[in-house]
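So the chains spell out like this:
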Amino acid sequence: MFIYIIKRLLWVIPTILAVLFLLFSLTYLLPGDPADIILGPRATDEMAENLRERLGLNRPWYQGYFSYIRDVMRGDLGVSVFRSRPVFNVVMEVLPYTLALTFAGMGLAVINGILIGLLAANYQNTWFDKFLTLISFITASTPTYIASVLIIVIFSVNLNLLPSIGLGEGGLLNSLYYLIGPAVALSIGWTGYIGRLTRSSMLETLESDFIQTEKSFGLPRNYIIYKYALKKAIKPIIAVIGLGVGRLLGGAVFVEVIFTRPGLGRLIVDSIFERDLPLVRGGVLVAALLFVFANLLADISYAYFDPRIKQE
Amino acid sequence: MFNSQRLFRFKKKISRVINIMKHDYRTYVGGVIILAIFISAIFAPWLAPHNPYSTDVVNRLQGPSLNNPLGTDSVGRDILSRLIYAARPAIYVAVGGLSISVFFGLILGLSAAYLGGIIDKLILFLFDFIRAFPPLILILVLLAIIGPSLISVIIILGITIIPRYGRVVRAETLSEKEEDYVESARSLGASNFRVVYKHIFPNIFASVLVLGGMDMASMIMWEAGLSFLGLGLQPPLSSWGVMLQESYQYIQTAPLMIVWPALAIMLTMLGFSLFAESLRVALNPKTSQEDRY
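Residues numbered from 1 in each chain as written. Chains lettered and ligands numbered in written order. Predicted model: local features only at pLDDT ≥ 70, side-chain atom pairs only at ≥ 80, totals over all residues. Heavy atoms only, no water.

## Some words on the pattern of salt bridges
Which entries qualify depends on this criterion: Salt-bridge detection follows one rule: a side-chain nitrogen of Lys or Arg within 4 Å of a carboxyl oxygen of Asp or Glu. Strands here are runs of E lasting at least two residues and helices are runs of H or I lasting at least four, both read from the DSSP assignment and numbered beginning at the N terminus. Think of it in three bands: residues with accessible area under 20% of the maximum for their type are buried, residues over 50% are exposed, and the middle band is partly exposed, with areas taken using a 1.4 Å probe on protein chains only.
Here the structure, examined in full by the defined rule, presents 10 salt bridges over all chains. Among the ionic pairs, B:Arg167 bridges to B:Asp128, the shortest N-O distance being 3.0 Å. Of this pair, B:Arg167 sits in helix α8 (residues 150-177) while B:Asp128 sits in helix α6 (residues 117-132); the two residues are 39 residues apart in sequence, bridging distant segments of the chain. On the accessibility criterion, B:Arg167 (30% relative accessible area) is partly exposed. Using a relative accessible area of 17% as the deciding quantity, one classes B:Asp128 as buried. A salt bridge links B:Arg280 to B:Glu277; the shortest N-O distance between them is 3.0 Å. One end of the pair is B:Arg280 and the other is B:Glu277, both in helix α12 (residues 256-283) and three residues apart, which spans about a single turn. When salt bridges that share partners are traced, they join A:Arg196, B:Glu277 and B:Arg280 into one network.

## Thoughts on empty space enclosed by the protein
All names here are of chain B. Filter applied, for reference: The method works on a 1 Å grid over the protein atoms by themselves. A cavity is a set of points holding a 1.4 Å probe that cannot get out, a pocket is an open set with protein on both sides within 12 Å along at least five of seven lines, and residues with an atom within 4 Å of a point line them. Grid points are joined across faces, edges and corners, and a volume is the space filled by probe spheres set on the points.
Overall, the coordinates contain seven cavities of 30 Å³ or more when judged by the stated rule. Considered as a void within the structure, the second largest cavity measures approximately 80 Å³ in volume. Looking at the second largest cavity, the residues that line it are Asp73, Ser74, Ile79, Arg82, Met243, Glu246, Ser247, Met257 and Pro261. At the level of elements, α4 (79-85), α11 (240-248) and α12 are the ones that each hand at least two residues to the lining of the second largest cavity.

## Details of the nonpolar core
Counted only if it meets this: Each nonpolar core is a collection of buried residues, namely Ala, Val, Leu, Ile, Met, Phe, Trp, Tyr and Cys, held together in the definition by side-chain atoms within 4.5 Å. When checking whether two residues touch, look at their non-hydrogen atoms; a contact exists if any pair is within 4.5 Å.
By size, the foremost hydrophobic cluster in this structure holds 139 residues, and its most contacted members are A:Tyr145 and B:Trp240. In this structure B:Trp240 touches B:Ile37, B:Leu83, B:Ala86, B:Ala87, B:Ala90, B:Ile220, B:Pro261, B:Ala264, B:Ile265 and B:Thr268, once residues within four positions along its chain are discounted. Formed by nine residues, the second largest nonpolar core is a distinct cluster that contains B:Leu110, B:Tyr114, B:Val169 and B:Val196.

## Examining the interface of chain A and chain B
Let me state the cut-off plainly: In protein, a polar contact means a hydrogen-donor-capable atom and an acceptor-capable atom, both N or O and within 3.5 Å, with residues adjacent in sequence counting only if both atoms are side-chain atoms; elsewhere, any N or O pair within 3.5 Å suffices. In this classification, Asp, Glu, Lys and Arg are treated as charged, Ala, Val, Leu, Ile, Met, Phe, Trp, Tyr, Cys and Pro as nonpolar, and every other residue, Gly included, as polar.
Taken together, the contact between chain A and chain B spans 43 residues of the former and 38 residues of the latter. On the surface where chain A and chain B come into contact, there are one salt bridge. A salt bridge links A:Arg196 to B:Glu277; the shortest N-O distance between them is 3.1 Å. For the interface between chain A and chain B, the tally reads four residue pairs in polar contact (both at pLDDT 80 or more). Contributions of two or more residues to the side of chain A that touches chain B are made by α1 (2-29), α6 (127-140), α7 (144-158), α11 (235-258), α12 (264-273) and α13 (277-305) of chain A. Tallying contributions element by element places α1(A) first for the side of chain A that touches chain B, with eight residues. Partitioning the side of chain A that touches chain B into residue classes produces 33 nonpolar, seven polar and three charged.

Structure (structure tokens):
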């Protein structure tokens, strides 16, 4: 276990270096000369040449790559072209909103998913089970942006219950109120997934030998379910939470754009449209780091809760 | 004799799968939806009541009527006709993207398993590299590099899913390679190509089929999502994502307009995942013909 974790941790280093390499090479891959894009059409050749010198575009690429890595390690992500502010500050400003949204979405998905799965397993093979299974199937195959759009149409436009735009002014309660729609939209897909996972894991556990033994002792059914079975059946669900957080970070892009909330995803989309190269790089870097970290947690928790994986 | 026996077993396996699927409602619901999408993609000009691009500004943002069963959009185009025509880019993306990822996944996975050593390590690193990015963000960055269009969406979606197939192909090839019958075929002098074609392919076929069904759905989903963000297919092309994007501006005044493409995407996803699920259950050797559900 310990060796596995060390190996997995070491694996993070080449991954991050590769991510940095792709982001670094964006300068050369994006259409158009970066200096021209930054300075606009009225710049003289001399100005462009000065800027190229300053950005390090005249150096050989590996020198540029190493100085890029050095800058990133120092927390210097460059200056946003359109906002004229350090990229680091711009990204850190919106990051909390994305994290709050992601964790709220994941929390809802876990709670609702486990509830649906337990109910379905408890009423196995009745019409109620079939109904819940169908619900989880439909929600699991609903894209985040469809869920967002339908929530706005139903709850904001028709029923006028939830706000459809922005963060909400002042006060924690109001912010939470504005978070309901986006968080539910983000959670929909994983609710269905976790529901199906819980149902099958619970059914598998209830059939396993140790539960059969408990039954033969004559312990009450509910006692067995909540005292023994749940403890074991919940492990695969905990193991996928890390994976889910990584996935939801991607889904948050749609939610942020559709509900017009500030956040990392929307920042990246906006900066791509504005051709703001430093901001694209910085935003994608932070998103990728979060994703790498979430995957790391996912793998370690998987190995912890499902020891078979270690052999691989 | 060796070969005919394997062929016999393969045929038996297929008839078993079909037998299980025949009794699963998911096969029919999913199959009907997928068929409907393919039919509307192929026969769009005959099925659509109007030209999906002809505008009629006087009758813009109309509700459902006899002439326009689902109403008209912001420039008076018939929504039903646009929905039907939009099945085409969806199918292009699903089939095109899947072909790219299966093709390169096969090549890379087989090379990794067969050549081993440093090449195996390199290919695995490439897969991990692609998977290191949040999927949507990698797609966005790549689209920013080569610019949004139907072709670039197909290529990029195909590339991002290569690792899934590559890993499956590599893992199954590695385990098949150790099997006795492959060893004996090799000792009889069968070439690598023959071993792969005759023995490895039939075995990875099942996993690729199930993954493929689900990935076709997710590629249609990504295409619509990207077009919605304005980074995929571009208006005035008829695509469900473009329709979402166009009607999003009118979500407060004409909310019904955005519901139609949303439903089309949801149904598509549901159809493909139902069919893939029934296929997965049937292909699972643990499923007996008696307990089908």
